[in-house]
Amino acid sequence: THLIPIGRLDMATEGLILITNNGKYAQQMELPSNKFHRTYRARVHGRITQSKMNAMRFGFEIKGTKYKGMKVALEQAKGSGSRSAQAANSWLRITCQE
(Lines give C-alpha, C1' and ligand atoms only; values in the text may rest on other atoms or scores of the structure.)
Protein backbone atom coordinates (compact mmCIF):
# COMPACT_ATOMS: atom_id res chain seq x y z
CA THR A 1 0.00 0.00 0.00
CA HIS A 2 1.24 3.46 -0.93
CA LEU A 3 0.50 6.07 1.75
CA ILE A 4 -0.06 9.69 0.74
CA PRO A 5 0.16 12.63 3.17
CA ILE A 6 -2.52 15.29 2.86
CA GLY A 7 -0.92 18.69 3.38
CA ARG A 8 2.43 19.43 4.92
CA LEU A 9 4.05 21.04 7.92
CA ASP A 10 7.18 23.13 7.96
CA MET A 11 9.93 22.70 10.54
CA ALA A 12 8.70 25.31 13.03
CA THR A 13 4.99 24.42 12.86
CA GLU A 14 2.67 21.99 14.58
CA GLY A 15 -0.53 20.51 13.24
CA LEU A 16 -2.25 17.40 11.98
CA ILE A 17 -1.16 15.51 8.89
CA LEU A 18 -3.77 13.18 7.43
CA ILE A 19 -2.49 10.09 5.65
CA THR A 20 -4.50 8.05 3.14
CA ASN A 21 -3.98 5.35 0.55
CA ASN A 22 -6.62 6.92 -1.72
CA GLY A 23 -4.94 9.30 -4.17
CA LYS A 24 -8.21 10.78 -5.44
CA TYR A 25 -9.30 11.58 -1.87
CA ALA A 26 -5.92 13.19 -1.11
CA GLN A 27 -6.19 15.35 -4.22
CA GLN A 28 -9.73 16.45 -3.36
CA MET A 29 -8.74 17.36 0.20
CA GLU A 30 -5.94 19.65 -1.03
CA LEU A 31 -7.93 21.56 -3.67
CA PRO A 32 -8.27 25.27 -2.82
CA SER A 33 -11.82 25.18 -4.22
CA ASN A 34 -12.88 23.15 -1.15
CA LYS A 35 -12.12 26.20 1.01
CA PHE A 36 -11.14 24.13 4.03
CA HIS A 37 -9.85 26.09 7.00
CA ARG A 38 -6.44 24.90 8.14
CA THR A 39 -5.07 25.74 11.55
CA TYR A 40 -1.37 25.71 12.39
CA ARG A 41 0.79 26.60 15.35
CA ALA A 42 3.86 28.45 14.15
CA ARG A 43 6.91 29.48 16.12
CA VAL A 44 8.11 32.93 15.14
CA HIS A 45 11.32 34.66 16.08
CA GLY A 46 11.49 38.34 16.81
CA ARG A 47 8.98 40.73 18.26
CA ILE A 48 5.36 40.55 17.18
CA THR A 49 3.91 44.03 16.82
CA GLN A 50 0.31 45.05 16.31
CA SER A 51 1.13 46.17 12.75
CA LYS A 52 2.57 42.72 11.96
CA MET A 53 -0.52 41.04 13.40
CA ASN A 54 -2.76 43.36 11.34
CA ALA A 55 -0.79 42.59 8.16
CA MET A 56 -1.35 38.88 8.74
CA ARG A 57 -5.05 39.44 9.47
CA PHE A 58 -5.81 41.72 6.53
CA GLY A 59 -3.34 40.50 3.89
CA PHE A 60 -0.01 41.73 2.60
CA GLU A 61 2.31 41.68 -0.40
CA ILE A 62 5.91 40.47 -0.61
CA LYS A 63 7.94 40.94 -3.81
CA GLY A 64 4.82 41.23 -5.96
CA THR A 65 3.03 38.22 -4.46
CA LYS A 66 -0.20 39.02 -2.63
CA TYR A 67 -1.17 36.95 0.40
CA LYS A 68 -4.72 36.80 1.76
CA GLY A 69 -5.44 37.66 5.34
CA MET A 70 -5.81 34.95 7.94
CA LYS A 71 -7.02 34.53 11.48
CA VAL A 72 -4.03 34.86 13.80
CA ALA A 73 -3.72 34.85 17.58
CA LEU A 74 -0.73 35.16 19.87
CA GLU A 75 -0.71 31.92 21.81
CA GLN A 76 2.50 31.93 23.78
CA ALA A 77 5.42 34.33 24.04
CA LYS A 78 8.78 33.67 25.64
CA GLY A 79 11.30 36.14 26.85
CA SER A 80 9.30 38.60 28.90
CA GLY A 81 6.45 36.75 30.54
CA SER A 82 3.30 35.01 29.46
CA ARG A 83 1.44 36.48 26.44
CA SER A 84 3.44 39.63 25.86
CA ALA A 85 3.81 40.77 22.25
CA GLN A 86 7.18 42.19 23.28
CA ALA A 87 8.74 38.75 23.77
CA ALA A 88 11.57 37.65 21.46
CA ASN A 89 10.07 34.25 20.55
CA SER A 90 6.38 33.48 20.19
CA TRP A 91 3.91 30.84 19.09
CA LEU A 92 1.03 31.93 16.89
CA ARG A 93 -2.16 30.03 16.08
CA ILE A 94 -2.86 30.71 12.42
CA THR A 95 -6.01 29.68 10.58
CA CYS A 96 -6.00 30.12 6.84
CA GLN A 97 -8.15 29.20 3.90
CA GLU A 98 -6.35 28.39 0.66
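Preceding this paragraph is the structure being described.
Residues numbered from 1 in each chain as written. Predicted model: local features only at pLDDT ≥ 70, side-chain atom pairs only at ≥ 80, totals over all residues. Heavy atoms only, no water.

Attention now moves to unusual backbone geometry. One non-glycine residue, Lys35, lies in the positive phi region at around 55°. If you trace the backbone, Lys35 turns up in the loop between α1 (23-30) and β4 (37-45). A residue is classified by how much of its surface remains accessible, and Lys35, at 53% relative accessible area, is exposed. Positioned with a positive phi, Lys63 is a non-glycine residue whose angle comes to about 50°. Secondary-structure assignment places Lys63 in the loop between β5 (60-62) and β6 (65-67). (Helix = DSSP H or I, 4+ residues; strand = E, 2+ residues; numbered from the N terminus. Buried < 20%, exposed > 50% of the residue type's maximum accessible area, 1.4 Å probe, protein only.)

Let's shift gears to the side chain of Arg38. Within the secondary structure, Arg38 sits in strand β4. Separated by 2.9 Å, the side chain of Arg38 and the backbone oxygen of Met29 make a polar contact. (Polar contact = N/O pair within 3.5 Å; in protein donor to acceptor, adjacent residues only side chain to side chain.)

The next subject is the side chain of Thr20. Mapped onto the secondary structure, Thr20 falls in strand β3 (residues 18-20). Relative accessible area serves as the criterion here: at 12%, Thr20 is assigned to the buried category. Within the structure, Thr20 has its side chain in polar contact with the backbone nitrogen of Asn22 (distance 3.0 Å). Beyond its immediate chain neighbours, meaning those up to four positions away, Thr20 contacts His2, Leu3, Ile4, Ile6, Tyr25 and Ala26. (Contact = heavy atoms within 4.5 Å.)

Counted under the stated rule, the structure contains one aromatic pair. Here Phe60 and Tyr67 contribute two aromatic rings whose centre-to-centre distance is 5.2 Å and whose plane-to-plane angle is 25°, an arrangement assigned as stacked. Over the aromatic face of Trp91 sits the side chain of Arg41, whose NZ or CZ is 4.5 Å from the ring centroid. (Phe/Tyr/Trp six-rings, centres within 6.5 Å; stacked < 30°, edge-to-face > 60°. Lys NZ or Arg CZ within 6 Å of the ring centre and 35° of its normal.)

Let us look at the pairing of β4. Note that strand β2 (residues 13-14) and β4 share two bridges and pair antiparallel. When the bridges of β4 are listed, Thr13 appears paired with Ala42. For β4 and strand β8 (residues 89-97), the ladder comprises nine bridges, and the chain directions are antiparallel. Note that in β8 the partner of Arg41 across the bridge is Arg93. (Pairing = 2+ DSSP bridges.)

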